[in-house]
Each structure stands twice: as structure tokens, then as C-alpha cells.
Amino acid sequence: MHPHQTRKRTIKGYYFASSIQEAIAYLMAHHGESQVIGGGTLLLPMMQQKRDMTPYLADVSRVSSICRVAENDGEIVVGGGNTFARLQQSDTIRARVPLLCQAAEQIRSPQIRRLATLGGNVVSAYGNAHGTVALMALGAEVEITNSTGSQWLPIHSLFVKRGVSRVDSATEIVTAFRIPARRAGQGTAMASLPAAGAQWRSSLVLAINIKLNKGSVVPHGVALAVGSTDSAPARLDEIEDELLDLALDDAKTYDILGEAIRADAVEQHRLDAADGAYDDIPALAAQALERALDMALSDGSSTSTGPTTF
Ligand SMILES: Cc1cc2nc3c(=O)[nH]c(=O)nc-3n(C[C@H](O)[C@H](O)[C@H](O)COP(=O)(O)OP(=O)(O)OC[C@H]3O[C@@H](n4cnc5c(N)ncnc54)[C@H](O)[C@@H]3O)c2cc1C
């Protein structure tokens with residue numbers, strides 16, 4: 001898994017950048033033959049398998065500015081080079097963006113958590129990417145930097161289809177994510193279906209983000225994000241709207257939510273029907289909603305007055 005294992009056979013140049021400017025200069029100098037690398041957990045195995053590999057790699061994992069976590073005016077800025085292990089260790093993430101911690105906890109391999117970056121998770125655009133689905137439910141924005149400067153985009157605008165994002169990692173670097181910090185009365189949770197067959201990743205990943213006003217269990221904000229082995233990460237806008245009028249502690253709400261997410265998954269062919277896992281979706285959704293509700297109510301003096309959109 002370490003870069004050096006494949007470097008001798010397949011790679012002409014491997015550059016550890018110490019700044020984003022350096023990384024971009026390297027990409028430009030080898031234009032058409034170069035690519036960004038983060039933890040290499042996806043890219044290096046792919047390069048080992050394929051013959052048409054990219055010969056020059058700009059490694060951004062040692063760039064300190066993209067490994068930061070900072071709080072700024074109610075928002076948390078998370079560098080795109082943060083690994084899942086680092087996110088788990090961050091007190092700021094644990095307290096202010098607990099959904100990202102939950103995402104990291106669901107990645108079962110410690111080696112992957114130690115190497116894999118949040119930026120790489122998003123750019124690779126797989127639906128069953130825990131970090132990406134969490135960021136979708138949080139309504140995060142992503143900062144993309146290239147030789148002409150940086151721009152912030154809503155994360156949901158990045159995905160073209162499963163495995164294809166709008167970030168061109170031959171010229172662009174995901175430098176940061178901007179995430180609204182958790183407020184009182186807000187609850188988040190993530191749940192995954194186990195890997196199917198010989199796969200090593202969850203077959204479906206679901207994230208929920210709810211906001212309650214004090215003394216009410218009818219949410220004034222709901223975000224639901226889902227992704228699977230066979231689909232790109234997506235927000236479930238219609239189901240979000242349906243939940244806005246419902247009491248989240250009512251058993252009927254759990255039935256409505258579970259059935260709606262199951263029906264969406266069937267309609268969008270999110271799973272391989274042969275493995276029969278569609279029937280497990282309602283229980284998964286109920287588990288996530290229950291945990292999100294517990295968190296939202298755990299503040300006691302729930303006083304959320306924040307925006308109702310994510
Ligand atoms: C055994 C195994 C188990 C896994 N389990 C899980 C799991 O449970 N959940 C999960 O979500 N994922 C899982 N993954 C997938 C993978 O580890 C993640 O998607 C990971 O976050 C990719 O990040 P990386 O830094 O390793 O990306 P890399 O492999 O370095 O790169 C992947 C792609 O992203 C681009 N890229 C990387 N960083 C940047 C950047 N900052 N800017 C622009 N482009 C960039 C690269 O050019 C490349 O195209 C697993 C992988 C393996 C091998």
C-alpha cells in the first residue's frame with residue numbers, strides 16, 4: 001500500500017509537495033501525465049491493475065494547510081488532506097461535526113482510516129463512501145484550487161455518476177471543506193448495510209441530519225443522503241420534505257421513512273437486487289433516525305434557531 005511498493009515499476013516521478021502551490025506547479029510541469037495523490041488507498045491499487053497509469057504523482061499528504069481543522073464563525077473548515085484517523089482524533093470534529101467521526105468509525109479497516117483522506121473519498125465519487133455521504137447530509141461546501149485560484153462549490157454539485165466527479169485531479173486539488181458546526185437541537189447519524197459478497201465496502205450508506213426547535217419533535221430541518229456500491233452519493237429531497245411535517249418520535253414516521261428510502265433505492269437500482277438487501281433498508285433507516293433524534297434531544301435546552309436548509 002505504501003507508494004514505494006509500486007513506484008519502481010510504474011511511476012516515473014513521485015513528488016511530496018510541501019505546499020499547494022508546489023503541487024500545482026508539479027502538475028502543470030507534467031501536464032497530461034500527472035495526477036494528485038492523497039493516501040493512495042484507491043489510486044495505487046488501480047495503477048497496479050491497469051497498464052495506462054499516470055507516470056507523475058503529486059502527493060499532497062504532507063501539505064500542512066490541507067491537513068487543518070479550524071473553527072471560523074460557526075463553520076468548521078476541514079482540510080481535504082485529513083485522514084479519517086485524524087478526523088476521529090480531533091476534539092473539534094468530535095464536538096462540532098460528530099457525523100464525520102461517525103463516518104470514520106464506520107470504515108472498518110484501521111489501515112484505510114490511517115491513510116485514506118477525505119479529499120480522496122470525495123473525488124473518487126463512490127456512493128458507498130462514508131465521508132462523502134456524511135458531507136452531503138451536512139450540506140458542506142468544497143474548496144477546489146487550481147492554477148487560477150480557488151472556488152467554493154456545494155458538494156452535491158460534484159457528482160456526475162458513480163465513480164466520476166467534476167474535480168479534475170490532473171489539474172485541481174480539493175483543498176478544504178466548509179461545514180456548518182453542530183448547534184443545539186441538531187442530531188446526526190450514519191448507518192450502513194454490510195458489504196455484499198466479496199466486496200470490502202458497505203453496500204449502502206445512509207446519513208441523516210435533523211434540526212429541532214426547543215420542545216418539539218417535529219423537525220424544522222432535515223437532510224438525508226444516501227449512496228451505494230452501484231450509485232453516486234445523492235440527497236433525498238422529496239423524502240426530506242415529507243419528514244418536515246412529522247413527529248420524529250412517532251412509530252408511523254419510522255415506517256414512512258423506511259419505506260420511502262427502500263422505494264427510492266429500488267427505483268434508483270442502488271443495490272444488486274440479487275442479494276435481497278433492499279428489505280434491510282427500513283431497519284437501517286429506523287436505526288439512523290433513532291440515533292439522530294437521541295442526539296438532537298440530548299442537549300436538553302434545545303434552542304436551535306439556525307437555517308432550516310443544509
Ligand atoms: C480495503 C479497502 C477498504 C475501504 N473501505 C472503505 C470504507 O469502508 N468506506 C469508505 O468510504 N471508503 C473505503 N475505502 C475507499 C478509500 O479508502 C477511500 O475512498 C479513500 O478516502 C480515498 O482517499 P485517498 O486519499 O486514499 O485517495 P487516493 O487513492 O490517493 O486518490 C483517489 C482519487 O482521488 C484523487 N485525489 C486524492 N486526493 C485528492 C485531492 N486532495 N484533490 C484532488 N484529487 C484528489 C486522486 O487523484 C484519485 O483520483 C476502502 C478502500 C480499501 C482499499
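Summarised in this report is the structure supplied together with it. (Residues numbered from 1 in each chain as written. Predicted model: local features only at pLDDT ≥ 70, side-chain atom pairs only at ≥ 80, totals over all residues. Heavy atoms only, no water.)

A look at the sheet that holds strand E3 (residues 56-59)
So, point 1. Read from one edge to the other, the open sheet built from three strands follows the order E1-E3-E2, with strand pairing classed as parallel. For this open sheet the edge positions go to strand E1 (13-16) and strand E2 (34-37), each flanked by a neighbour on one side alone. With direction set aside, neighbouring strand axes in the sheet form an average angle of 20 degrees.
So, point 2. Across four bridges, the pairing between E1 and E3 is parallel. Paired with Gly13 across the bridge in E3 is Tyr56. (Pairing = 2+ DSSP bridges. Helix = DSSP H or I, 4+ residues; strand = E, 2+ residues; numbered from the N terminus. Axes fitted to C-alpha atoms, helices over the stretch in contact; angles between N-to-C directions.)

Section: the sheet that holds strand E10 (residues 173-180)
So, point 1. Read across the open sheet, the five strands follow the order E4-E5-E10-E6-E7; overall the sheet is antiparallel. With one partner strand each, in any of the chains shown, strand E4 (69-72) and strand E7 (149-154) form the two edges of the open sheet. Between one strand and the next, the sheet's axes are offset by a mean angle of 25 degrees, whatever the strand orientation.
So, point 2. One ladder, built from five bridges, connects strand E6 (residues 141-146) with E10; its direction is antiparallel. Bridge pairing links Ile144 to Val174 in E10.

Quick look at the packing of helix H11 (residues 251-267) against helix H12 (residues 281-297)
In a pair of packed helices, the angle between the axes and the distance between the axes together describe the arrangement.
So, point 1. Where H11 meets H12, the closest approach of the two axes is 8 Å, and the angle between their N-to-C directions is 130 degrees. With respect to H12, the axis of H11 lies oblique. The handedness of the crossing between H11 and H12 comes out as right-handed. Contacts between H11 and H12 involve Thr253, Tyr254, Leu257, Gly258, Ile261, Arg262 and Ala265 on the former and, on the latter, Ile281, Pro282, Ala285, Ala286, Leu289, Glu290 and Leu293.
So, point 2. Taken together, the residues of the contact of H11 with H12 sort by class into ten nonpolar, two polar and two charged. (Parallel < 35°, antiparallel > 145°, perpendicular 65-115°, else oblique. Left-handed = near helix turned anticlockwise from the far one by under 90°. Contact = heavy atoms within 4.5 Å. Nonpolar A, V, L, I, M, F, W, Y, C, P; charged D, E, K, R; others polar.)

Comments concerning H12
So, point 1. The end-to-end C-alpha distance of H12, which contains 17 residues, comes to 24 Å, matching closely the 24 Å that a straight helix rising 1.5 Å per residue would cover.
So, point 2. Those residues of H12 that sit buried are Ile281, Leu284, Ala285, Ala288, Leu289, Ala292, Leu293, Met295 and Ala296. On an axial view of H12, the arc spanned by its buried residues comes to 160 degrees, and they lie on one face.
So, point 3. Turning to H12, the residues buried within the fold contact helix H6 (98-105), strand E11 (186-193), strand E12 (204-212) and H11. (Expected span 1.5 Å × (residues − 1). Buried < 20%, exposed > 50% of the residue type's maximum accessible area, 1.4 Å probe, protein only. Arc of directions from axis to C-beta.)

Focus on the nonpolar core
So, point 1. With 39 residues, the main nonpolar core has Leu100, Leu135, Phe177 and Ile179 as its most contacted residues.
So, point 2. Counting only elements with at least two residues in this core, the list comes to strand E5 (75-79), helix H4 (84-89), H6, helix H8 (118-123), helix H9 (130-138), E6, E10 and E12.
So, point 3. Counting residues per element, this core draws most heavily on H9, at six residues.
So, point 4. Formed jointly, this core draws a minimum of three residues from each of two domains, domain 2 (64-180) and domain 3 (186-297). (Core = buried A, V, L, I, M, F, W, Y, C linked by side-chain atoms within 4.5 Å. Domains from an automatic or database assignment.)

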